[in-house]
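Listed here are the chains, written in short residue letters.
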Amino acid sequence: MRNATVTRKTAETDISVTLDLDGSGSYDNQTGVGFFDHMLDQLARHSLIDMTIRAKGDHHIDDHHTVEDVGIALGQALTEALGDKRGIRRYGACLLPMDDALVRTALDLSARPYLVWNVAMPTAKIGTFDTELVREFFQAFSTHGGITLHVDALHGLNSHHIAEAAFKSVARALREAVEPDQRKADAVPSTKGTL
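These lines cover the structure that appears in this document, whether it is placed above or below. (Residues numbered from 1 in each chain as written. Predicted model: local features only at pLDDT ≥ 70, side-chain atom pairs only at ≥ 80, totals over all residues. Heavy atoms only, no water.)

### Digging into the packing of helix H2 (residues 64-82) against helix H3 (residues 132-145)
Then step 1. At a closest axis distance of 7 Å, the pairing of H2 and H3 adopts a crossing angle of 30 degrees. Taken together, the axes of H2 and H3 lie roughly parallel to each other. Crossing hand, H2 versus H3: right-handed. Note on element contacts: H3 touches H2 through Leu-133, Glu-136, Phe-137, Ala-140, Phe-141, His-144 and Gly-145, opposite His-64, Val-67, Glu-68, Val-70, Gly-71, Ile-72, Leu-74, Gly-75, Gln-76, Leu-78 and Thr-79.
Then step 2. Residues of the contact of H2 with H3, tallied by class, amount to 9 nonpolar, 7 polar and 2 charged. (Axes fitted to C-alpha atoms, helices over the stretch in contact; angles between N-to-C directions. Helix = DSSP H or I, 4+ residues; strand = E, 2+ residues; numbered from the N terminus. Parallel < 35°, antiparallel > 145°, perpendicular 65-115°, else oblique. Left-handed = near helix turned anticlockwise from the far one by under 90°. Contact = heavy atoms within 4.5 Å. Nonpolar A, V, L, I, M, F, W, Y, C, P; charged D, E, K, R; others polar.)

Printed below as a string of structure tokens:
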């Protein structure tokens, strides 16, 4: 079974993440940050990874710790659910349009975390949500998920559309990467024999 539950409790946040990589994209995400919940729902739906997240954070300060720590826990859960990565496709890519926005993602479940983020947001806020937190989430997720992650916004006028296209594009690439490779179901996808 390719699933995992991770909890993370600090002086700033209390988080629980449950994932099933072989799900249908069902989700139940409650972080106390409305726009972020909407983005996490997109991540689950378009990756077909079942996802349940509960987060309590120090929102009286701001949403930064909650968003970043959810990214950490989600990355840790992905790593645990993938195990030795035997039989996965490993790589994924997606070019995703959403109205005015066009976002390209390429990723490698390499265990070598690296984020390349070429996404400019035209506004500092989406409602009450700080747009800079989108990058913070993906930085934490890629670091703790061991993901080489490249995200490029090729076009976009509306911050909501750009952010949502980024989450959906990463989701579709992630779906491809975690899917079983029917031609090499018994092998780790690396000439080193380990990832």
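### Things to note about the nonpolar core
Then step 1. Counting 58 residues, the largest nonpolar core has Phe-36, Leu-74, Leu-78, Leu-109, Phe-137 and Phe-138 as the members making the most contacts within it.
Then step 2. No other element matches the 11 residues that helix H4 (residues 159-178) contributes to this core.
Then step 3. Excluding anything up to four places from it in sequence, Leu-74 contacts Val-17, Leu-19, Leu-43, Met-51, Ile-53, Phe-137 and Phe-141. (Core = buried A, V, L, I, M, F, W, Y, C linked by side-chain atoms within 4.5 Å. Buried < 20%, exposed > 50% of the residue type's maximum accessible area, 1.4 Å probe, protein only.)

### Considerations on the pairing of strand S1 (residues 3-9)
Then step 1. Pairing of S1 with strand S2 (residues 13-20) involves 7 bridges; the strand directions are antiparallel. Bridge pairing in S2 places Ala-4 opposite Leu-19. (Pairing = 2+ DSSP bridges.)

### Details of the packing of aromatic side chains
Then step 1. Within the structure shown, the criterion is met by 7 aromatic pairs.
Then step 2. Between Phe-36 and Phe-137 the ring centres are 5.5 Å apart and the planes differ by 70 degrees, which places this aromatic pair in the edge-to-face class. Here Phe-36 is found in helix H1 (residues 34-47), whereas its partner Phe-137 is found in helix H3, with 101 residues between them in sequence. The same class applies to Phe-36 and to Phe-137, which are both buried.
Then step 3. Seen from their ring centres, Phe-137 and Phe-167 are 5.4 Å apart, and the 25 degrees between their planes marks the pair as stacked. (Phe/Tyr/Trp six-rings, centres within 6.5 Å; stacked < 30°, edge-to-face > 60°.)

### Side note on the sheet that holds strand S4 (residues 50-57)
Then step 1. Taken in spatial order, the 4 strands make up an open sheet running S1-S2-S4-S3, and their pairing is mixed. Each edge of the sheet is formed by a strand with only one pairing partner; in this case those strands are S1 and strand S3 (27-30). When strand polarity is set aside, the average angle formed by the axes of neighbouring strands in this sheet is 5 degrees.
Then step 2. Docked against the sheet, H1 engages S3 and S4, running at close to 155 degrees with respect to S3.
Then step 3. Running over the sheet, H2 touches S1, S2 and S4 and is turned about 35 degrees from S2.

### Looking at the sheet that holds strand S6 (residues 101-108)
Then step 1. Taken in spatial order, the 4 strands line up as S5-S6-S10-S7 in an open sheet, and their pairing is mixed. What marks the edges here is a single partner per strand, and that holds for strand S5 (91-98) and strand S7 (114-118). For this sheet, the mean inter-axis angle between neighbouring strands, taken without regard to orientation, is 10 degrees.
Then step 2. As defined by bridge partners, S7 adjoins strand S10 (residues 148-155) across 5 bridges and the pair is classed as parallel. Within S10, the residue paired with Trp-117 across the bridge is Val-151.
Then step 3. Along the sheet, H3 makes contact with S7 and S10, crossing S7 at roughly 160 degrees.
Then step 4. Together, S5, S6, S7 and S10 form the strand contacts of H4, whose direction differs from that of S5 by roughly 150 degrees.

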